[in-house]
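Secondary and tertiary structure notes
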Amino acid sequence: AGGVLGPAVRVGCVRVPGFVVLLRMVGFGQARRLPEGKATETIYSLVRDGKHEACVEMLTSTLQDDPTSRPALSILGHCHYHLGDFDLAVEMYQRLGVLRPEDESVKLYHAQSLFKSGQRQESRAVASTITSGGALATQVARLLAHVAFEENELATCRAFLDKCPSDDMDVVVDMACVSLRDGKHEEALTRFAEARAALGYQPDVAYNEALCHYRAKRFGKCLSSLGEIIEKGVREHPELLVGAVTEGEEVRSVGNTPALRQTQLVEAFNLKAAVEFGMGNSFEAKEALTDMPPRSEEELDPVTLHNVALINMDTDPVDGFHKLNFLLSETETVQAPPETFANLLLLYVSPAHGFHDLAADVMAEHPGLVAKHLTSDAYEYLDACVTQRTDKELATRKFDAAATKRGDELGKLSRAISDARLRRDNAKVQRLLAEYDDLLEAFIPCLMAQAKVFWDKEQYATVEKILKTYLETCGSHETFHLNVAHVYFMQSLRTTVRDKFAEAIDYYEPVVLASAEKGSILSCTAPVLANLCVAYIMTSRNEDAESVMRRIEKEELSVSKTDPSRPKSFHLCIVNLVIGTLYCAKGNYEFGISRVIKSLEPFDEKLVVDTWFYAKRCFLSLAEGLAKRVVAAKDETVLEIFNFLEEAEKYGKDTVTTSETDNSEKRTIASEARALRRMFLKLREV
């Protein structure tokens, strides 16, 4: 699950959530000093115009001359706060508090700065010493409410907000944030609408409205609200260079400026990425993150760093794991999103990585985070995954127990939904359906992990039995559909039971057709499309297979024309490669080799390490058969192979096929193609 920013609780006059930023280094050179006789006028003019950096530059030299200057400390604290340098603001207000211990407004500013720098308990301690009444008391109550909110102490948070004036729009927004955190989306939206009517457009209120829709899974309305934030941010602040990185421009970092924080553009693009990621649109999610105003990696806030790691995990897992581990390790300086811990563990135990030892180590090192950030369901799943490395039988029992427990819960919810529908209680039906969907999403990984134990042993009949047990419960879930189809497909390939191909088609087809109806068959993964085409061919439905392949080819051409910056699609290449490999495995090398060669056209685009790895296996299989004299190849087929290998030698000169850890001589596609050509020349002479 992608992490997004939580509700933007506001402190004092600052309306946006703060980010952890690195302190900026001071450049060499002489500092600007205040003009003689115009110190007060100059400073307050700079503050009024929002030129906090210039103000800091001037007052820093003043403070060096007079370290106990109360005005300098006060204004520097104010400027550092608005620049987002909260650690420096804490230092300024702490020094000022020593000089003015009786001034409780200084204590409040000190406490606010502590809160923004992530020192919540210290902020609570300082704020609790303030005894003044009036407006100051209201600000103290709100600050203590914000601390409680961040600590997830919602009852305490409400108690402090109840002490504040109910007609204060800042308090209304705070109460809306509490309702949102508590899952009361409609109540939160009502309060945000009240604030919008009173205050006009406010970026943080608009963002929280979008977040309400996201939590309620109304993704269309969420994207609409985010579009408003992005549109206004681009129009009012063109200097933030929104979209410049996506368009491939060389741009400088815009930094974590006050304008960037006020526009809520960072939060909006992160939430947009989360929406697209949740809908399975990985390309659009990546684009949302690159559309963000450009910043250097050192300037990225924790949420953006987390989401960048997550969204690029399929292409650069090493960097992704490095970023997630950094967020967990730098707890003193970085406030990691709550989702970080669970996401890191789930990625470690995922089939794509299988780092069960690392997951066990992380859980052992952070028992506090295990208790705080892992639900009971997530803990049971991770515990079973980790157990696999030492005791597979015990892990299987744990998966079985967890799957049975959640299956029973899903059954109860299903019956409750049916009862609510009979009573025509639409509100309850909607609430129960949302609970059912959430529980189903947690159940599917556990069920599939249980089935995978037997899948790895190639006990496909047992896998089929496990999945069929929950057919009624999970029948509508796409992942479940695909895995049932995979089981039938593998049974047909590995056994003589050919009718399983037809059953595989029954499960593959609805998924592929649904993607096609949504406008893009390419949203299906290439292996799914390849398996469907193979199943069609094996059941003598060649026309249906050709129809799917024509649709893939048409969409790939359309995408390459309309969006040249988009990564090249290999769907048709993989489909043809799988079909060609299947025919070669069945002994029909004439058609199989021809299909494999066709799959790699054009060679300058499709001939890469992964496609070459599977293509050369077909050539080696034919060479082995020729050497053993169990197969024969027509002259046309051999000539086609020679022509292809010459092309592979031409386009594969710079493509290395050996890994960095391989101690053998470095090989390329070109060198391997030459070796294959020599092999076939020798076989031709035999």
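Conventions used here
- Along each chain, numbering runs from 1 in the same order as the chain's sequence is written.
- Predicted model: local features are reported for residues with pLDDT of at least 70 only, side-chain atom pairs are reported and counted for 80 or more only, and whole-chain, interface and lining totals are derived from all residues.
- To obtain the side-chain values, all non-hydrogen atoms of the structure were included, while hydrogens and water were left out.
- The numbering of helices and of strands both runs from the N terminus, where a helix is a DSSP run of H or I of at least 4 residues and a strand a run of E of at least 2.
- Any residue under 20% of the maximum accessible area for its type is buried, any over 50% is exposed, and the rest in between are partly exposed; the area is computed with a 1.4 Å probe on protein chains only.
- Residues are treated as being in contact if the distance between any of their heavy atoms lies within 4.5 Å.
- Charge counting treats Lys and Arg as positive and Asp and Glu as negative, with His and both chain ends excluded.
- The atom standing in for a charge is NZ when the residue is Lys, CZ when it is Arg, CG when it is Asp and CD when it is Glu.
- Note on aromatic contacts: the rings of Phe and Tyr and the six-membered ring of Trp form a pair at centre separations within 6.5 Å, being stacked when their planes are under 30 degrees apart, edge-to-face when over 60 apart, and tilted otherwise.
- In this analysis the charged atom, NZ for Lys or CZ for Arg, is taken to sit over a ring once it is within 6 Å of the ring centre and within 35 degrees of the ring normal.
- Just to be clear on terms, a salt bridge is a Lys or Arg side-chain nitrogen sitting within 4 Å of an Asp or Glu carboxyl oxygen.
- Note on method: axes are straight lines fitted to C-alpha atoms, helices fitted across the in-contact stretch only, with angles between N-to-C directions ranging 0 to 180 degrees.
- Any angle that falls under 35 degrees is termed roughly parallel, while one over 145 is termed roughly antiparallel, one within 65 to 115 roughly perpendicular, and all others oblique.
- Put simply, a crossing is left-handed when the front helix is turned counterclockwise from the back one by less than a right angle, and right-handed when it is turned clockwise.
- In this classification, the charged set is Asp, Glu, Lys and Arg, the nonpolar set is Ala, Val, Leu, Ile, Met, Phe, Trp, Tyr, Cys and Pro, and all remaining amino acids, among them Gly, are polar.
- For every residue, the predictor assigns a confidence score, pLDDT, that lies between 0 and 100.
- In these notes, a set of buried Ala, Val, Leu, Ile, Met, Phe, Trp, Tyr and Cys residues joined through side-chain atoms within 4.5 Å is what counts as a nonpolar core.
- What a helix should span is 1.5 Å times the count of its residues minus one.

1. So, the overall build of the protein
Secondary structure summary: the protein contains 35 helices and zero strands in total. For the protein, the C-alpha atoms occupy an extent of roughly 100 × 70 × 45 Å along the three principal directions. Residue burial in the protein is summarised as follows: out of 686 residues, 47% are buried. Relative to all contacts within the protein whose residues are 6 or more apart in sequence, the contacts with residues 24 or more apart total 61%. Taken together, the 81 basic and 102 acidic charged side chains of the protein have centroids lying 3 Å from each other.

2. Thoughts on unusual backbone geometry
In this structure, Pro602 follows Glu601 across a cis peptide bond, with omega equal to -10 degrees. Mapped onto the fold, Pro602 is located in the loop between α31 (589–599) and α32 (603–606). Of note in this structure, Ser540 is not a glycine but carries a positive phi near 60 degrees. Relative to the assigned elements, Ser540 resides in the loop between α28 (526–538) and α29 (542–562). In this structure Ser540 comes out as exposed when scored by relative accessible area, which is 64%.

3. Some words on the packing of aromatic side chains
Inspection of every chain in the model, using the stated rule, returns 18 aromatic pairs. Between the aromatic rings of Phe489 and Phe501, the centroid separation amounts to 5.6 Å while the plane-to-plane angle is 75 degrees, which identifies the pairing as edge-to-face. Note that Phe489 is positioned in helix α26 (residues 478–494) and Phe501 in helix α27 (residues 499–517), a separation of 12 residues in sequence. Accessibility classification places Phe489 together with Phe501 in one group, the buried group. Centroid distance Phe613 to Tyr614: 5.0 Å. Interplanar angle 90 degrees. Geometry classified as edge-to-face. What makes Phe613 partly exposed here is its relative accessible area of 41%. Relative accessible area serves as the criterion here: at 44%, Tyr614 is assigned to the partly exposed category. Taken together, Phe603, Trp612, Phe619, Phe644 and Tyr651 form an aromatic cluster joined through their ring pairs. Here Lys606 stacks its cationic end above the ring of Phe570, 4.8 Å away from the centre of that ring.

4. Some points on the pattern of salt bridges
Counted under the stated rule, the structure contains 37 salt bridges. Between Glu187 and Arg191 there is a salt bridge whose closest N-O contact spans 2.9 Å. Of this pair, Glu187 and Arg191 are both found in helix α10 (residues 185–199), four residues apart, which corresponds to roughly one turn of the helix. A residue is classified by how much of its surface remains accessible, and Glu187, at 34% relative accessible area, is partly exposed. For Arg191, a relative accessible area of 25% gives the class partly exposed. Among the ionic contacts, a cluster of salt bridges with common partners joins Glu464, Lys468, Lys500 and Glu503.

5. What about the packing of helix α23 (residues 426–455) against α26?
In contact at an axis separation of 11 Å, α23 and α26 are set at 10 degrees when each is read in the N-to-C sense. By the angle class used here, α23 and α26 are roughly parallel. Crossing hand, α23 versus α26: left-handed. Contact residues: α23 offers Ile444, Leu447, Met448 and Trp455, while α26 offers Thr479, Phe480, Asn483, His486, Val487 and Met490. For the contact of α23 with α26, a count of residues per class yields seven nonpolar, three polar and no charged.

6. Things to note about the confidence of the model for the protein
Confidence in the prediction of the protein, expressed as mean pLDDT, is 86, and 92% of residues score 70 or more. Confidence drops under pLDDT 50 across residues 1–37; counting only partners more than four residues distant or on other chains, this segment forms 114 contacts.

7. Focus on the nonpolar core
Core analysis: the biggest nonpolar cluster contains 58 residues, and Leu447 and Leu467 have the highest contact counts within it. Listing elements by their share of this core, those giving two or more residues are α22 (392–422), α23, α24 (460–469), α26, α27, α28, α29 and α30 (571–585). The greatest single-element share of this core, amounting to 12 residues, is contributed by α23. Ignoring any residue separated from it by four or fewer positions in sequence, one finds Leu467 in contact with Leu447, Met448, Ala451, Phe480, Asn483, Val484 and Val487. Residues Ala141, Ala148, Val173 and Leu289 belong to the second largest nonpolar core, which totals 49 residues.

8. Here we look at α28
Its 13 residues give α28 an end-to-end C-alpha distance of 18 Å, which sits within 8% of 18 Å, the value for a rise of 1.5 Å per residue. For α28, a buried count of 11 out of 13 residues is recorded, marking the element as mostly surrounded by other parts of the structure. Those residues of α28 that fall on the buried side of the exposure criterion are Ala526, Val528, Leu529, Ala530, Asn531, Leu532, Cys533, Val534, Ala535, Tyr536 and Ile537. Those residues of α28 that are buried lie in contact with α26, α27, α29 and α30. Directly after α28, the chain includes Ser540, whose backbone phi takes a positive value near 60 degrees.

9. Some points on the packing of helix α34 (residues 635–651) against helix α35 (residues 669–685)
Running from N to C, α34 and α35 cross one another at 155 degrees; their axes reach a closest spacing of 8 Å. When the axes of α34 and α35 are compared, the pair comes out roughly antiparallel. The handedness of the crossing between α34 and α35 comes out as left-handed. Within the contact between the two elements, α34 uses Val638, Ile641, Phe642, Leu645, Glu646, Ala648 and Glu649 and α35 uses Ile669, Ala670, Ala673, Arg674, Leu676, Arg677, Phe680, Leu681 and Arg684. Here the residues of the contact of α34 with α35 sort into 11 nonpolar, no polar and five charged.

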